[in-house]
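# Topology and contacts: notes
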Amino acid sequence: MSEPKLLVFAGSVRTGSLNETLASFVVRRLTARAAHVSHISLTDYDMPLYNGDREKADGPPENAKKLCALFYEHQGIFIAGPEYNAGITPLTKNTIDWISRVEKGAVFRSRAFALGGASDGRLGAYRSLMATRQVLELGCNAFVQPEMISVPQASKAYDANGDLVDAALKSADRCLDALIANAKRYVS
Ligand SMILES: Cc1cc2nc3c(=O)[nH]c(=O)nc-3n(C[C@H](O)[C@H](O)[C@H](O)COP(=O)(O)O)c2cc1C
């Protein structure tokens, strides 16, 4: 069976984003496992806020179609999403909403998803992780694996090599091993 392709991105485009740091860490750990990994930034897939009138007039934006095509090129997708007010952030939700309007969101039903979240708070964006899971599972009918990466106190969570420390590293590796295994199921 050929190796699965994995796509990684953060739900934040902020300079110095804690979730971009998590995404970069995930890319390094996956690459060390010999997986084919693509790392993108949502800055390159800018989309207007979803608006039904706009969709009626023009359909989904080109960047939603491009990102959807990129989802199709990979079997496993890791999203590192921040937490705003105990929930999913507008950027993550808007991105998912627009892609769900391309081909009736079929891509969500044919890929393995894994979630991560980083915050300087004590909960490690856990409520955003659960909210994003709800959107993907209940809204988009996606497979979202149980294993996640939650990084509390994220500014202090990494060692000098940029790796998560101790138990957090083990738990992150379990999540990434599971993503590779789950993504393999979608390799044709
Ligand atoms: C509007 C807003 C609401 C926030 N709410 C939460 C929250 O509920 N829980 C939390 O842990 N952090 C919260 N934060 C802090 C973010 O976790 C922090 O800004 C984080 O760095 C954002 O992710 P990023 O670094 O990847 O951009 C909030 C930040 C903003 C701007």
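Residues numbered from 1 in each chain as written. Predicted model: local features only at pLDDT ≥ 70, side-chain atom pairs only at ≥ 80, totals over all residues. Heavy atoms only, no water.

## Focus on the pairing of strand E2 (residues 36-39)
Just so we agree on the cut-off: Paired strands are those between which DSSP finds at least two bridges. By definition, any uninterrupted DSSP run of H or I lasting at least four residues is a helix, any uninterrupted run of E lasting at least two residues is a strand, and each is numbered from the N terminus. Seen with the strands pointing away from the viewer, any crossover whose path from the first strand over the helix to the second strand runs clockwise is right-handed.
In this sheet, E2 lies alongside strand E1 (residues 5-10) in parallel orientation, the contact comprising 4 bridges. Pairing of Leu7 across the sheet is with Ser38, part of E2. In this fold, E1 hands off to helix H1 (residues 18-32), which returns the chain to E2; that crossover is right-handed.

## Some words on the site of the ligand
Worth spelling out the cut-off: One heavy atom within 4 Å of a molecule or strand is enough for the residue carrying it to be called near that molecule or strand. Each accessible area is a Shrake-Rupley result for a 1.4 Å probe, and residues are judged covered by the shown protein chains and nothing else.
Looking at the ligand, the residues that line it are Ser12, Arg14, Ser17, Leu18, Asn19, Pro82, Glu83, Tyr84, Asn85, Ala86, Ser119 and Arg127. Contact with the protein chains hides 67% of the accessible area of the ligand, taken as 620 Å² for the molecule alone.

## Quick look at the UniProt feature "domain: NADPH-dependent FMN reductase-like" (unreviewed entry) in the protein chain
Operational definition: UniProt positions are given in the numbering used here, feature names are shortened, and annotations may be inferred rather than shown by experiment.
According to UniProt, the "domain: NADPH-dependent FMN reductase-like" (unreviewed entry) feature falls on residues 4-154. Annotated as residues 4-154, this span is 38% helix and 18% strand, and its ends, taken at the C-alpha atoms, are 29 Å apart.

## A few points about the nonpolar core
As a reminder, the rule being used: Take the buried Ala, Val, Leu, Ile, Met, Phe, Trp, Tyr and Cys residues and link them wherever side-chain atoms come within 4.5 Å; each set so joined is a nonpolar core. Only protein chains enter the accessibility calculation, which uses a 1.4 Å probe; a residue is then buried when its area is under 20% of its type maximum, exposed when over 50%, and partly exposed in between. What makes two residues a contact is simply this: any of their non-hydrogen atoms within 4.5 Å.
Core analysis: the largest hydrophobic core is formed by 29 residues, its most contacted members being Leu67, Phe71, Phe108, Phe113 and Leu136. Put simply, the parts of the chain that give this core at least two residues each are E1, helix H3 (62-73), strand E3 (76-80), helix H4 (90-99), strand E4 (112-118) and helix H5 (126-139). Residues within four places of Leu67 in sequence aside, it is in contact with Ile40, Leu42, Tyr45, Met47, Thr95 and Ile99. With 28 residues, the next largest nonpolar core counts Leu6, Leu22, Phe25 and Cys175 among its residues.

## A short note on H3
At 3.6 residues per turn, the α-helix brings residues three or four places apart onto the same side. Note the following rule: The length a helix should cover is 1.5 Å for every residue beyond the first.
Helix length check: H3, at 12 residues, gives a terminal C-alpha distance of 17 Å against a target of 16 Å (1.5 Å per residue), a fit within 8%. Next to the buried residues of H3 lie E1, E3, H4 and E4.

## With respect to the packing of aromatic side chains
Basically, it comes down to this: When two rings of Phe, Tyr or Trp (its six-membered ring) have centres within 6.5 Å they constitute a pair, described as stacked for plane angles under 30 degrees, edge-to-face for angles over 60, and tilted for the intermediate range.
What the rule picks out here adds up to 6 aromatic pairs. Taken together, a centroid distance of 6.1 Å and an interplanar angle of 85° make the contact between Phe71 and Phe108 edge-to-face. With a gap of 37 residues between them, Phe71 in helix H3 and Phe108 in the loop between H4 and E4 connect regions that are remote in the sequence. Each member of the pair, Phe71 together with Phe108, is buried.

## Regarding the environment of Leu6
Tracing the backbone shows Leu6 in strand E1. Along the chain, Leu6 and Ala112 lie 106 residues apart, while their C-alpha atoms are 9.4 Å from each other. If we skip the residues at most four places from it in the chain, Leu6 touches Leu30, Ala35, His36, Val37, Ser38, His74, Gly76, Leu179, Ile180 and Ala183.

## Remarks on unusual backbone geometry
Backbone geometry places Ala125, a non-glycine residue, at a positive phi of 60°. Secondary-structure assignment places Ala125 in the loop between E4 and H5. Here Ala125 falls in the buried class, since its relative accessible area comes to 1%.

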